[in-house]
Amino acid sequence: MYSMEQAERIAADYIRQLTADWDNEVAMFPEEECKAQKGEFFYFAFQSAKYIDTRDRKYFLYGPCQVSVHGTTGECRLLSIHESYAIDPFDAR
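All values reported here derive from a predicted model rather than from experimental measurement. (Residues numbered from 1 in each chain as written. Predicted model: local features only at pLDDT ≥ 70, side-chain atom pairs only at ≥ 80, totals over all residues. Heavy atoms only, no water.)

**Quick look at the overall build of the protein**
Alright, step 1. Of the regular secondary structure elements, the protein holds three helices and five strands.
Alright, step 2. Tracing the protein from N to C terminus, the helices and strands come up as α-β-β-β-α-β-β-α.
Alright, step 3. Against the globule reference of 12 Å for 93 residues, the protein gives a C-alpha radius of gyration of 13 Å, in line with a compact fold.
Alright, step 4. Seen through its principal axes, the protein has C-alpha atoms that stretch 35 × 30 × 20 Å.
Alright, step 5. Every one of the 93 residues in the protein was classed for burial, and the buried ones make up 39%.
Alright, step 6. Sequence separation of 24 or more characterises 51% of the internal contacts of the protein that already satisfy a separation of 6 or more.
Alright, step 7. When the accessible surface of the protein is totalled, it reaches about 5,900 Å², and 50% of it is carbon and sulfur.
Alright, step 8. Looking at the protein, you have 10 positive and 16 negative side-chain charges, and the mean spots of the two groups are 4 Å apart. (Helix = DSSP H or I, 4+ residues; strand = E, 2+ residues; numbered from the N terminus. Rg over C-alpha atoms; globule rule 2.2 N^0.38 Å. Buried < 20%, exposed > 50% of the residue type's maximum accessible area, 1.4 Å probe, protein only. Contact = heavy atoms within 4.5 Å. Areas by Shrake-Rupley, 256 points an atom, 1.4 Å probe, with all protein chains shown as cover. Lys, Arg positive; Asp, Glu negative; His and termini not counted. Charge placed at Lys NZ, Arg CZ, Asp CG, Glu CD.)

Dropping the structure here:
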């Protein structure tokens, strides 16, 4: 099983590769409340790098900007909006 730190590095690499051709540079949120482990999965939130630096809403990327990492295989994928609400990885509700 991966540790939280290892899973976060895997997620960051995945996000970097996935968004390489996007118009906006993205980054993982550094805050601990944007990282979670539930069952076999780790969850991380990401957003545009400019939003994370400034918290200015004009840089905010809409949609479920969350990635999951399987704790054993390291498989990564983005969560859909429905999964984000159902899993509620950061206990927002």
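**Re the packing of aromatic side chains**
Alright, step 1. For the structure shown, the criterion picks out four aromatic pairs.
Alright, step 2. Between the aromatic rings of Phe41 and Tyr43, the centroid separation amounts to 6.3 Å while the plane-to-plane angle is 35°, which identifies the pairing as tilted.
Alright, step 3. Using a relative accessible area of 5% as the deciding quantity, one classes Tyr43 as buried.
Alright, step 4. Aromatic rings pair up to connect Phe29, Tyr51, Phe60 and Tyr62 into one cluster.
Alright, step 5. Sitting over the face of the ring of Phe60, Arg57 holds its NZ or CZ atom 4.4 Å from the ring centroid. (Phe/Tyr/Trp six-rings, centres within 6.5 Å; stacked < 30°, edge-to-face > 60°. Lys NZ or Arg CZ within 6 Å of the ring centre and 35° of its normal.)

**Thoughts on the pattern of salt bridges**
Alright, step 1. Applying the stated criterion across every chain, the model contains six salt bridges.
Alright, step 2. Between Lys35 and Glu32 there is a salt bridge, with the nearest N and O atoms lying 3.3 Å from each other.
Alright, step 3. With relative accessibility at 14%, the residue Lys35 sits in the buried group.
Alright, step 4. Among the ionic contacts, a cluster of salt bridges with common partners joins Glu8, Glu32 and Lys35. (Salt bridge = Lys/Arg side-chain N within 4 Å of Asp/Glu carboxyl O.)

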